[in-house]
Amino acid sequence: MSWVLKMDDAAIESGLVHDFDASLSGIGQELGAGAYSMSDVLALPIFKQEDSSLPPVSDGETKNPPFQYVLCAATSPAVKLHDETLTYLNQGQSYEIRMLDNRKLGELPELNNQLVKSTVRVVFHDRRLQYMEHQQLEGWKWNRPGDRLLDIDIPMSVGIVDPKTSPSQLNAAEFLWDLNKRASTFVQVHCISTEFTPRKHGGEKGVPFRIQIDTFTQGETGEYTEHLHSASCQIKVFKPKGADRKQKTDREKMEKRTSQEKEKYQASYDTTILSECSPWPDNAYVSPNMAATPSFTSSPLSTYTASSIPDSDDSSPNHQADPVIQGTAEQLSPTASIKDAQKWLLKNRFNSYTRLFSHFSGADLLKLTRDDLVQICGPADGIRLFNALKSRSVRPRLTVYVCQESLSESPLLEKRCDSENGDHGDPSNLYVYHALYLEEMTALELIRKMVCVCNLPLGQINQVYRQGPTGIHILLSDQMVYNLPDESCFLISTVKDESGEGIHLILK
């Protein structure tokens with residue numbers, strides 16, 4: 001039986017060899033008839049296997065965003081494939097952003113004949129700068145007082161309603177628009193990319209920004225709080241005409257590349273489509289100074305009455321906290337232990353550096369110079385930590401000295417004011433003055449602080465005047481306070497109004 005099996009194996013082996021030789025006999029003739037084609041090989045079914053983990057997407061299943069925003073500025077041709085588009089803008093130039101209703105028929109019917117609110121803002125693209133956004137923007141504001149990072153060009157905008165810019169958010173603006181009408185807003189970016197780059201030797205590469213738009217609809221309370229859609233794009237901002245030169249340079253560089261190299265880069269388009277993204281966090285950057293200058297006041301008031309002054313704890317006559325003391329941080333003692341130094345860092349909002357300074361005592365921290373801290377913590381946090389260690393308080397924007405006029409004068413201090421604010425009468429009179437430190441430089445702030453130091457009833461104050469030339473009475477306004485010379489001194493005189501129930505204040 002074993003011999004029969006061996007014979008069978010031999011017969012099978014002989015047949016396989018014969019079949020293999022026959023299959024090879026025609027290969028040379030087939031390849032000799034024409035050139036070898038790789039496309040024929042790629043056309044084989046083995047090379048056509050698709051990823052089964054991805055469901056087939058039909059045209060009917062493609063989900064389009066409800067809105068689309070188009071920035072009318074060309075994209076850069078020097079961006080590689082699969083990278084996000086990059087658009088160059090000129091500082092202060094108006095650029096159109098078209099607001100498009102992209103809903104399908106029957107989609108979100110509750111928005112029909114309704115207004116929606118969109119907030120446009122310029123933010124940092126780099127994640128590291130996003131974490132330091134507050135310090136970075138406060139530093140920019142300090143170097144360019146009175147300027148905004150983003151503005152809306154209202155005369156050129158079309159179809160938007162109630163555009164607003166808040167003095168507490170210098171990098172954002174908001175407006176309402178009708179979905180059934182054409183809507184375009186023109187934005188101006190006033191910050192340039194190199195302003196947030198550490199200056200070393202010149203020619204540094206500027207940081208990229210993002211223009212982001214968040215759209216909301218009305219909620220149950222009537223406020224625009226229900227989020228609908230968000231989209232953003234990457235930009236770089238140059239000095240005037242710098243964006244045009246950069247675009248031309250990129251185009252010339254691409255023209256010098258070979259065809260194979262060009263295939264690795266995106267084509268340049270005349271407009272930039274903002275891509276969908278997550279909504280920006282509420283109040284990511286809010287300036288602590290709610291009214292930097294009077295020019296940002298939406299409804300300036302030239303006259304302040306008792307009804308126009310909100311009653312708050314800060315305006316109470318019993319609340320007499322010194323603003324300079326409030327803004328001063330607790331000083332770190334040289335004898336502080338390592339544990340006390342850690343607590344001080346946490347209390348002064350240096351949480352991210354507690355691990356870095358985990359072995360530093362109070363004396364060790366105080367020995368660090370300004371350059372040391374800037375090198376360790378970066379420019380923004382380094383300067384802030386240095387000022388906190390040295391207990392440097394912020395100097396008030398305006399200092400005013402006031403004294404309440406009364407029949408019985410105090411013998412504590414003899415103070416006469418012979419400046420341009422007016423002579424305070426009889427030289428034999430003795431006056432005690434209080435120092436008022438103003439940060440907002442508004443009439444409302446001045447009235448609150450005068451009420452505090454003079455113990456006057458806030459609810460009974462009707463009008464506040466300043467005594468002018470020849471004894472005329474001028475209504476106190478924001479512009480008047482804003483233009484007061486520093487260290488002005490006034491004598492506060494109280495006069496009953498016509499009804500006998502209210503009080504007029506006169507600054508002499």
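Here the structure is a predicted model, which is why all the values come from computation and not from measurement.

This part takes up the pattern of salt bridges. On inspection of all chains with the given rule, the structure shows 12 salt bridges. Residue Arg-144 is joined to Glu-195 by a salt bridge in which the shortest nitrogen-to-oxygen separation is 3.1 Å. In this pair, Arg-144 is assigned in the loop between helix 5 (133-143) and strand 5 (150-152) and Glu-195 in the loop between strand 8 (183-189) and strand 9 (209-218), connecting sequence segments 51 residues apart. Taking relative accessible area as the criterion, Arg-144 reaches 19% and is therefore assigned buried. Across the pair Asp-250 and Lys-246 runs a salt bridge whose closest N-O atoms are separated by 3.6 Å. Residue Asp-250 and its partner Lys-246 are both found in helix 6 (residues 242-256); the two are separated by four residues, about one turn of the helix. Linked through salt bridges whose partners overlap, the residues forming this network are Glu-96, Arg-98 and Arg-182.

Despite not being glycine, Lys-241 shows a phi value in the positive range, around 70°. Mapping Lys-241 onto the fold places it in the loop between strand 10 (224-238) and helix 6. Phi at Arg-349 is positive, roughly 65°, even though this residue is not glycine. Positionally, Arg-349 belongs in the loop between helix 9 (338-347) and helix 10 (362-367).

We now examine the sheet that holds strand 18 (residues 503-507). Within the open sheet, the six strands sit side by side as 14-13-17-18-15-16. Their pairing is mixed. On the outer flanks of this sheet lie strand 14 (434-438) and strand 16 (473-475), each paired with one strand and no other. When the angles between neighbouring strand axes are averaged without regard to direction, this sheet yields 35°. Note that strand 13 (residues 398-404) and strand 17 (residues 488-496) share five bridges and pair parallel. Bridged to Gln-404 within strand 17 is Ile-492.

Our next topic: the confidence of the model for the chain. Per-residue pLDDT for the chain has a mean of 75; in total, 71% of the residues score no lower than 70. Here helix 8 (residues 323-326) is the element of the chain with the lowest mean pLDDT, 38, and strand 2 (residues 86-90) is the one with the highest, 96. Residue range residues 288-328 is modelled with pLDDT below 50. Its contacts to residues more than four positions away, or to other chains, number 78 contacts. Across residues 407-425, where pLDDT falls below 50, the model places 35 contacts with residues more than four positions away in sequence or in other chains.

Along the polypeptide, Gln-68 turns up in strand 1 (residues 67-71). On the basis of relative accessibility, which here comes to 25%, the residue Gln-68 falls in the partly exposed class. Beyond its immediate chain neighbours, meaning those up to four positions away, Gln-68 contacts Arg-98, Met-99, Leu-100, Asn-102 and Ile-273.

Glancing now at the packing of aromatic side chains. A full pass over the atoms with the stated rule returns seven aromatic pairs. When the ring of Phe-196 is compared with that of Phe-209, the centres are 5.8 Å apart and the planes differ by 85°; the resulting orientation is edge-to-face. Linking Phe-196 in the loop between strand 8 and strand 9 with Phe-209 in strand 9, this pair joins segments that are 13 residues apart in sequence. Each member of the pair Phe-196 and Phe-209 is classed as buried. Ring centres of Trp-344 and Phe-350 lie 6.3 Å apart, and the angle between their planes is 15°; this geometry places the pair in the stacked category. Judged on exposure class, the residue Trp-344 and its partner Phe-350 are both buried.

What follows deals with the pairing of strand 18. Side-chain direction in a regular strand flips from residue to residue, so the side chains alternate between the two faces of the sheet. Counted residue by residue, strand 18 has five buried out of five residues, so it is predominantly covered. Both faces of strand 18 are covered, namely the face carrying Ile-503, Leu-505 and Leu-507 and the face carrying His-504 and Ile-506. Alignment of strand 15 (residues 461-467) against strand 18, held across five bridges, turns out to be parallel. Pairing of Val-464 across the sheet is with Leu-505, part of strand 18. Looking at chain direction, strand 17 and strand 18 are connected through five bridges and run antiparallel. Paired with Ser-493 across the bridge in strand 18 is Ile-506. The turn joining strand 17 and strand 18, which pair antiparallel and follow one another in sequence, is formed by six residues; a positive phi near 85° is taken by Gly-500.

So, about the side chain of His-190. If you trace the backbone, His-190 turns up in the loop between strand 8 and strand 9. For His-190, a relative accessible area of 17% corresponds to the buried category. Polar side-chain contacts of His-190 include one of 3.2 Å to the side chain of Asp-151. Beyond its immediate stretch of four places on either side in the chain, His-190 contacts Gln-91, Gly-92, Trp-140, Arg-144, Arg-148, Leu-149, Leu-150, Asp-151 and Glu-195.

So, about the sheet that holds strand 1. The strands making up a sheet associate through hydrogen bonds between their backbones, and the pairing can be parallel or antiparallel. Pairing is antiparallel in the open sheet, where five strands are placed in the order 5-8-3-1-11. Since the sheet does not close on itself, it has two edges, and those belong to strand 5 and strand 11 (272-273), each with one partner.

Attention now goes to the nonpolar core. Leu-71, Ile-97, Val-120, Phe-196 and Phe-209 are the most contacted members of the largest nonpolar core, which totals 40 residues. Once residues within four sequence positions are removed from consideration, Ile-97 is found in contact with Tyr-69, Val-70, Leu-71, Val-120, Ala-183, Ser-184, Thr-185, Val-187, Ile-211 and Ile-213. Counting 25 residues, the second-largest nonpolar core is a separate cluster that includes Leu-446, Leu-458, Ile-461 and Leu-505.

Packing of helix 11 (residues 370-377) against helix 12 (residues 379-389) leaves a shortest axis separation of 7 Å and a crossing angle of 140°. Classified by the interaxial angle, the pair formed by helix 11 and helix 12 is oblique. Where helix 11 crosses over helix 12, the handedness of that crossing is right-handed. Two secondary-structure elements touch here, helix 11 through Arg-370, Leu-373, Val-374 and Cys-377 and helix 12 through Pro-379, Asp-381, Gly-382, Ile-383, Leu-385, Phe-386 and Leu-389. Its residues assigned to classes, the contact of helix 11 with helix 12 comprises eight nonpolar, one polar and two charged.

Definitions and limits used
Residues numbered from 1 in each chain as written. Predicted model: local features only at pLDDT ≥ 70, side-chain atom pairs only at ≥ 80, totals over all residues. Heavy atoms only, no water. Salt bridge = Lys/Arg side-chain N within 4 Å of Asp/Glu carboxyl O. Helix = DSSP H or I, 4+ residues; strand = E, 2+ residues; numbered from the N terminus. Buried < 20%, exposed > 50% of the residue type's maximum accessible area, 1.4 Å probe, protein only. Pairing = 2+ DSSP bridges. Axes fitted to C-alpha atoms, helices over the stretch in contact; angles between N-to-C directions. pLDDT = per-residue confidence, 0-100. Contact = heavy atoms within 4.5 Å. Phe/Tyr/Trp six-rings, centres within 6.5 Å; stacked < 30°, edge-to-face > 60°. Polar contact = N/O pair within 3.5 Å; in protein donor to acceptor, adjacent residues only side chain to side chain. Core = buried A, V, L, I, M, F, W, Y, C linked by side-chain atoms within 4.5 Å. Parallel < 35°, antiparallel > 145°, perpendicular 65-115°, else oblique. Left-handed = near helix turned anticlockwise from the far one by under 90°. Nonpolar A, V, L, I, M, F, W, Y, C, P; charged D, E, K, R; others polar.

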